[in-house]
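Per-entry structural report
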Amino acid sequence: MTSTISVSIIIPVYNVEKYISRCINSVINQTYKNWELLLINDGSTDDSGLICDKYANKDSRIKVYHIQNSGAAKARFLGVSYATKDYICFVDSDDSIPNNSLELLCENNQDCSIDIVVGGYTRIFVNGKTDFCELKYANLTGEVYLLMLLSGNWKLYGPVAKLFRRTLFTNNILPFIPKTIRVGEDLLMNVFLACYAKKVVFISSSVYNYFQIETSVTHNFKYTLEYTEKFVNILTSILLESKKENINHLLAHYKLNMIYNVILDDIEDEINYQSDFVLTIINDANKISLNYKEKIIIKLLKYSFFRICYRKLFCKYRNGSGFVYLFIKHIKCFFI
């Protein structure tokens, strides 16, 4: 295909000397050639920075920026400030992209009319098993995409497997993300950009290899009610800033799905699910039309037996159990 769209690929790098070469090589081997690679070395204390420099010395399309440790979110946005191409593509340094990833993301956008392109991705487990998280091809408005983000579609949360029009970053999201937000800043970014996007396209192909590494921050973080409330307040600020309508409607969807993360992490079932905060979430949920996942969440909030069983099943799903994956996909039949 003709390379009319230019892409800035941004990779935050922090102590990933074991994986960074795999990641960079996957970019170099792309069938689509109109790209630049920005490696933001976020204060690594291992040899990650040196490895990045070696690649930059061999390929003029690769640039390295060494900064003090500031976190992945700030590293990504610093990369955006240095980007010179039409679109932005984020890749995490311990993952990789298939060699036709950029080609697949760009092929339906030759007139550069799309603000965000979203692809599927493949989870790769330590045991070698894989799980393809597929999206159905669709043309969406930014409003519909925003609702999907806030309604708990976990396939969309991360910054990866996407192309973003660079001009969407004209508005600055960084003031909305305090240092206390350790997990979920990716969703805040996606919500922020969705608020200003007009046209979004989903493609069905896998454009990303997501390696399930148990030492990552996401895998070791535990959600709490306090964290959920803090996160919701930040999200509210973003929606208010963008002057979105139906903010209470959007937040009702999101709070319900945020509490789902709390349920999964509450291993001993110690949280008071009759607290005022939780009861307010349930009350707000009664005012909106729920999807099947949200109906399941309501049941989990009401019945401890379902919570305990569901947690055990989901733990196996996270570890790549194919049978449990299929079971959870069809478990809605028991709740709706």
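The present account deals with the structure reproduced in this document. In this text the structure is predicted, and so the values were computed from the model without any measurement. (Residues numbered from 1 in each chain as written. Predicted model: local features only at pLDDT ≥ 70, side-chain atom pairs only at ≥ 80, totals over all residues. Heavy atoms only, no water.)

1. Some thoughts on the overall build of the protein chain
The test is simple: Put simply, DSSP H or I for four residues or longer makes a helix, DSSP E for two residues or longer makes a strand, and each gets a number counted from the N terminus. We call a residue buried when its accessible area falls under 20% of the maximum for its residue type, exposed when it is over 50%, and partly exposed in between, using a 1.4 Å probe and counting protein chains only. Residue contacts follow a heavy-atom distance rule, with two residues in contact if any of their heavy atoms lie within 4.5 Å. Note that accessible areas follow from Shrake-Rupley with a 1.4 Å probe, and for residues the cover is restricted to the protein chains shown.
Counting its secondary structure elements, the protein chain contains 13 helices and 9 strands. Looking at the protein chain as a whole, 54% of its 336 residues are labelled buried. For the protein chain, restricting intrachain contacts to residue pairs at least 6 apart in sequence, the fraction spanning at least 24 positions comes to 81%. Surface accessibility of the protein chain: about 15,700 Å² in total, with carbon and sulfur atoms responsible for 52%.

2. Side note on the packing of helix H8 (residues 225–241) against helix H9 (residues 247–265)
When two helices pack together, their arrangement is captured by the angle between the axes and the distance separating the axes. Here is the rule: Interaxial angles span 0 to 180 degrees and are taken between N-to-C directions of axes, which are lines fitted to C-alpha atoms, for helices over the stretch in contact. Here the angle decides the label: under 35 degrees means roughly parallel, over 145 means roughly antiparallel, 65 to 115 means roughly perpendicular, and every other value means oblique. What makes a crossing left-handed is the near helix being turned counterclockwise from the far one by less than a right angle; a clockwise turn instead makes it right-handed. Gly is placed with the polar residues, together with every amino acid not listed as nonpolar (Ala, Val, Leu, Ile, Met, Phe, Trp, Tyr, Cys and Pro) or charged (Asp, Glu, Lys and Arg).
At a closest axis distance of 10 Å, the pairing of H8 and H9 adopts a crossing angle of 155°. Considered as vectors, H8 and H9 are oriented roughly antiparallel to each other. H8 and H9 meet at a crossing whose hand is right-handed. Where H8 abuts H9, its residues Leu225, Tyr227, Thr228, Phe231, Val232, Leu235, Thr236, Leu239 and Leu240 lie against Ile247, Leu250, Leu251, Tyr254, Lys255, Met258, Ile259 and Val262. Grouping the constituent residues of the contact of H8 with H9 by class yields 14 nonpolar, 2 polar and 1 charged.

3. A word on the environment of Thr280
Relative to the helices and strands, Thr280 resides in helix H10 (residues 276–285). Look at Thr280 and you get partly exposed, because its relative accessible area is 40%. For Thr280 and Ala252, which are 28 residues apart along the polypeptide, the C-alpha to C-alpha distance reads 9.5 Å.

4. Observations concerning helix H6 (residues 185–196)
Applied cut-off: Working rule for helices: expected span equals 1.5 Å times residues minus one.
Under the 1.5 Å per step criterion, the end-to-end length of H6 is 17 Å for 12 residues, consistent within 8% with the ideal 16 Å. Counting buried residues along H6, 10 of its 12 residues qualify, which places the element largely inside the surrounding structure. Every buried residue of H6 is accounted for by Glu185, Leu187, Leu188, Met189, Asn190, Val191, Phe192, Leu193, Ala194 and Cys195.

5. What about the pattern of salt bridges?
Filter applied, for reference: Salt bridges are counted wherever a side-chain nitrogen of Lys or Arg sits within 4 Å of a carboxyl oxygen of Asp or Glu.
This structure, assessed with the given rule, holds 9 salt bridges. Among the ionic pairs, Arg76 bridges to Asp186, the shortest N-O distance being 3.0 Å. Remark: Asp186 occurs in helix H6 and Arg76 occurs in helix H3 (residues 72–82); sequence separation between them is 110 residues. Residue classification places Arg76 among the buried residues on the basis of a relative accessible area of 5%.

6. A closer look at the state of the cysteines
How we decide: Note that a disulfide, as used here, is simply two cysteine sulfur atoms within 2.5 Å.
Under the criterion given, the structure shown has 0 disulfides. Counting only cysteine sulfurs, Cys23 is the nearest neighbor of Cys52, a cysteine outside any disulfide, at a range of 9.0 Å.

7. Observations concerning the side chain of Glu294
Where we set the bar: His is not counted, nor are the chain ends, whereas Lys and Arg count as positive and Asp and Glu as negative.
Relative to the assigned elements, Glu294 resides in helix H11 (residues 292–302). Although buried, Glu294 forms no salt bridge, and the nearest oppositely charged side chain, Lys293, lies 8.1 Å from it. Not counting chain neighbours up to four residues away, the residues in contact with Glu294 comprise Ser151, His253, Leu256, Asn257 and Ser289.

These results come straight from atomic positions and should not be treated as a statement about function.
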